[in-house]
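# Topology and contacts: notes
Listed below are the residues making up each chain.
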Amino acid sequence: MADAIPAQKAPYGVDVEAGKDYWWCACGRSATQPFCDGAHKAVGMRPTMFKAEKTEQVWLCGCKASANPPFCDGSHKKI
């Protein structure tokens, strides 16, 4: 299995809808960042699914190094 690669060194601010499922790209290879497009299949990784608890803007990890995926924890400041 390959390692995740940073898609960008900053989080993605995205609007999510309460109750909806989202698939966050964990590998960094998706062309539809921060969401999965299936690119992980070539490297043996899997996306992370999360359900939005409420309709709001969330900050999703872009560097793929967060200790709290899919959400940004500031890890991009260290890479």
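Overview of the structure. Predicted model, so just to flag it, every value in this text is computed and none were measured. (Residues numbered from 1 in each chain as written. Predicted model: local features only at pLDDT ≥ 70, side-chain atom pairs only at ≥ 80, totals over all residues. Heavy atoms only, no water.)

### Brief notes about the packing of aromatic side chains
- Applying the stated criterion across every chain yields a total of three aromatic pairs.
- With 5.5 Å between their ring centres and 25° between their planes, Tyr22 and Phe50 make a pair best called stacked. Of this pair, Tyr22 sits in strand S2 (residues 21–24) while Phe50 is found in strand S3 (residues 48–51), placing the two residues 28 residues apart along the sequence.
- Taking relative accessible area as the criterion, Tyr22 reaches 10% and is therefore assigned buried.
- Geometrically, the ring pair formed by Phe50 and Phe71 is edge-to-face, given 5.4 Å between the ring centres and 65° between the ring planes. You can see Phe50 sitting in strand S3 and its partner Phe71 sitting in the segment after strand S4 (56–60), a full 21 residues away along the chain.
- Using a relative accessible area of 7% as the deciding quantity, one classes Phe50 as buried.
- Residue Phe71 is classed as partly exposed on the basis of its relative accessible area of 29%.
- Among the aromatic residues, ring-to-ring pairing joins Tyr22, Phe35, Phe50 and Phe71 into one connected group. (Phe/Tyr/Trp six-rings, centres within 6.5 Å; stacked < 30°, edge-to-face > 60°. Helix = DSSP H or I, 4+ residues; strand = E, 2+ residues; numbered from the N terminus. Buried < 20%, exposed > 50% of the residue type's maximum accessible area, 1.4 Å probe, protein only.)

### A few points about the pattern of salt bridges
- All chains considered together, the criterion is met by one salt bridge.
- The shortest N-O distance in the salt bridge between Asp21 and Lys51 comes to 3.0 Å. One end of the pair, Asp21, is in strand S2; the other, Lys51, is in strand S3, with 30 residues separating them in the sequence.
- Assessed through its relative accessible area of 49%, Lys51 is described here as partly exposed. (Salt bridge = Lys/Arg side-chain N within 4 Å of Asp/Glu carboxyl O.)

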